[in-house]
Amino acid sequence: MTNKYNREFLLEYVESENKKNECNVSLENMEKIVGLIEYFGIELYRPITRLLLSNWEEITERINNYTESDWMMADEIQKTTPTLDRFSIAMLIEVLEGEDTLNQAENAGRRLSEEELKAIRKHQDEQE
């Protein structure tokens with residue numbers, strides 16, 4: 001699989017999830033999601049896509065209200081991670097270190113459905 005193929009596949013997947021779940025994330029921002037998936041590894045494309053799309057609006061609102069001191073950490077990380085833009089790094093910080101969004105809080109402790117578990121197992125089997 002070439003990188004170009006992975007990128008096309010990832011963008012198609014993100015676009016389909018965006019449309020199906022009516023997240024209204026722009027194409028430019030879906031490209032940022034693809035960049036984050038590529039950074040973490042294509043194996044995590046489904047959970048990263050769902051996490052970011054379902055929380056995009058709230059996390060973007062937080063980032064839009066960053067102060068210069070809030071941007072300092074993102075700027076430091078970007079020095080060693082030039083493949084990600086400043087906004088994408090801020091998105092990572094918010095997802096990994098920030099407070100749970102309302103959507104995350106509502107789904108805390110929710111067990112995966114049997115269908116989700118089967119899909120994860122299938123994907124794992126394909127990777128072996």
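Structural notes, computed from the coordinates. All figures in this text were calculated on a predicted structure; none of them were measured in a lab.

A few words now on the packing of helix α4 (residues 68-80) against helix α5 (residues 86-97). Each packed pair of helices is defined by two parameters, the angle between the axes and the distance between the axes. Contact pair α4 / α5: the axes reach a minimum separation of 9 Å and the direction vectors enclose 105 degrees. As far as their axial angle goes, α5 and α4 are roughly perpendicular. In this structure, α4 uses Glu68, Trp71, Met73, Ala74, Asp75, Ile77 and Gln78 to contact α5, whose residues at the interface are Arg86, Phe87, Ile89, Ala90 and Ile93. Grouping the amino acids of the contact of α4 with α5 by side-chain chemistry returns eight nonpolar, one polar and three charged.

Non-glycine residue Glu22 carries a positive phi angle of around 50 degrees. Counting through the fold element by element, Glu22 comes out in the loop between α1 (3-20) and α2 (27-40). A relative accessible area of 66% places Glu22 in the exposed class.

As a further point, take the side chain of Thr49. Of note, Thr49 is situated in helix α3 (residues 45-64). A relative accessible area of 0% places Thr49 in the buried class. For Thr49, the residues in contact, after removing those within four places along its chain, are Tyr13, Val14, Glu17, Ile33 and Ile37.

It is at 10 Å that the axes of α2 and α3 come closest, and there the two elements cross at 145 degrees. For α2 against α3, the interelement crossing comes out right-handed. The segment α2 lies against α3, with Asn29, Lys32, Ile33, Leu36, Ile37 and Phe40 engaging Tyr45, Ile48, Thr49, Leu52, Leu53 and Trp56. Classifying every residue of the contact of α2 with α3 gives nine nonpolar, two polar and one charged.

Taken as a whole, this structure holds five aromatic pairs when the rule is applied. Ring geometry for Tyr13 versus Tyr45: centroids 4.9 Å apart, planes at 85 degrees, classification edge-to-face. Of this pair, Tyr13 sits in helix α1 while Tyr45 is found in helix α3, placing the two residues 32 residues apart along the sequence. Just as Tyr13 is buried, Tyr45 falls in that class too. With a centroid separation of 4.9 Å and 65 degrees between ring planes, the pair formed by Tyr66 and Trp71 is classed as edge-to-face. Accessibility assignment for this pair places Tyr66 and Trp71 in one class, buried. Ring pairs connect the aromatic residues Phe9, Tyr13 and Tyr45, which therefore count as one cluster.

What follows concerns the pattern of salt bridges. Taken as a whole and assessed by the stated rule, the structure comprises nine salt bridges. Glu38 is the salt-bridge partner of Arg7, the closest N and O atoms lying 2.5 Å from each other. In this pair, Arg7 is assigned in helix α1 and Glu38 in helix α2, connecting sequence segments 31 residues apart. By relative accessible area, Arg7 is classed as partly exposed at 30%. Of the charged contacts in the structure, one is a salt bridge between Arg50 and Glu17, with a shortest N-O distance of 3.7 Å.

Each value, and the rule that gives it
- Residues numbered from 1 in each chain as written.
- Predicted model: local features only at pLDDT ≥ 70, side-chain atom pairs only at ≥ 80, totals over all residues.
- Heavy atoms only, no water.
- Axes fitted to C-alpha atoms, helices over the stretch in contact; angles between N-to-C directions.
- Helix = DSSP H or I, 4+ residues; strand = E, 2+ residues; numbered from the N terminus.
- Parallel < 35°, antiparallel > 145°, perpendicular 65-115°, else oblique.
- Contact = heavy atoms within 4.5 Å.
- Nonpolar A, V, L, I, M, F, W, Y, C, P; charged D, E, K, R; others polar.
- Buried < 20%, exposed > 50% of the residue type's maximum accessible area, 1.4 Å probe, protein only.
- Left-handed = near helix turned anticlockwise from the far one by under 90°.
- Phe/Tyr/Trp six-rings, centres within 6.5 Å; stacked < 30°, edge-to-face > 60°.
- Salt bridge = Lys/Arg side-chain N within 4 Å of Asp/Glu carboxyl O.

No statement about biological role is implied by the geometric values presented.
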